[in-house]
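The residues making up each chain are set out below.
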Amino acid sequence: MTPTEAAAIALQDHVALWSVGEVSGSDVVGAACDALVAGLDTPGLRVLAACTRAEADYDVHDLLPAALHELGLTFYPLDGEAGREAAVPALARRMLAGEFTPSEFTLRIHRRYGHALPLTERLAQLDDEYETLEYGDRTTDEVDAEVMAVARNLAARP
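Procedures and definitions
Residues numbered from 1 in each chain as written. Predicted model: local features only at pLDDT ≥ 70, side-chain atom pairs only at ≥ 80, totals over all residues. Heavy atoms only, no water. Salt bridge = Lys/Arg side-chain N within 4 Å of Asp/Glu carboxyl O. Helix = DSSP H or I, 4+ residues; strand = E, 2+ residues; numbered from the N terminus. Buried < 20%, exposed > 50% of the residue type's maximum accessible area, 1.4 Å probe, protein only. Polar contact = N/O pair within 3.5 Å; in protein donor to acceptor, adjacent residues only side chain to side chain. Contact = heavy atoms within 4.5 Å. Expected span 1.5 Å × (residues − 1).

Caption draft 1: A look at the pattern of salt bridges. Per the counting criterion, the structure on display carries ten salt bridges. The closest approach of N and O atoms between Arg84 and Glu81, which form a salt bridge, is 2.8 Å. Of this pair, Arg84 and Glu81 both sit in helix H5 (residues 81–96), separated by three residues, roughly a single helical turn. When its relative accessible area of 24% is taken as the criterion, Arg84 is described as partly exposed. A salt bridge links Glu146 to Arg122; the shortest N-O distance between them is 2.8 Å. With Glu146 in helix H8 (residues 140–155) and Arg122 in helix H7 (residues 121–131), this pair connects stretches of sequence that are 24 residues apart.

Caption draft 2: Looking closely at the side chain of Thr106. Tracing the backbone through its elements, the reader meets Thr106 in helix H6 (residues 102–113). Within the structure, the side chain of Thr106 is placed 3.0 Å from the backbone oxygen of Ser103, a separation counted as a polar contact. At a separation of 3.3 Å, a polar atom in the side chain of Thr106 contacts the side chain of Asp127. Contacts of Thr106, omitting those with residues within four sequence positions, involve Leu123, Leu126, Asp127, Tyr130 and Val147.

Caption draft 3: Highlighting the environment of Val28. The residue Val28 is located in helix H2 (residues 25–38) in this model. Distance in space between the C-alpha atoms of Val28 and Ala10 is 9.5 Å, their sequence separation being 18 residues.

Caption draft 4: Local environment of helix H4 (residues 53–71). With 19 residues, H4 ought to run about 27 Å at 1.5 Å a step, yet its terminal C-alpha atoms sit only 23 Å apart, falling short of that. Inspection of H4 places Ala56, Val60, Leu64, Ala67 and Leu68 among the buried residues, and these make up the whole buried set. Where the residues of H4 are buried, they touch helix H1 (3–19), H2 and helix H3 (43–49). Remark: Gly72 follows H4 within two positions and exhibits a positive phi of approximately 75°.

Below you can see the structure in the form of structure tokens.
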């Protein structure tokens, strides 16, 4: 994967996570700056990357659609169904990168989606397993390994 492809994926992940409240507008602006440094360059991306931290939470929503369109990426409206589904692989990639543990990952997923989203049902079940490890026949390492396998499958989604 080229640096520009990785930057585009990172920006798209930040947008999905922003749409569900996992990251702030300034985090999206940071991802836009990283994308510029990696070689992505469009007028809308430059405007987005130029936002200050103070402006980000107010301006990102208005600037994102044009910037993403220029890059061929998807804009997810705040708290929309598509953004919720796109946030799952983004969170999986963050967990696989070591930003949080498998049990923290399942807890985040379970709290955000419960057992309602088919894409995350197994992760919600695994979060329940963490809660009952002392009564079951599986170890933390076994549940962690299954969470990692599910996360790798999710992270591979386009």
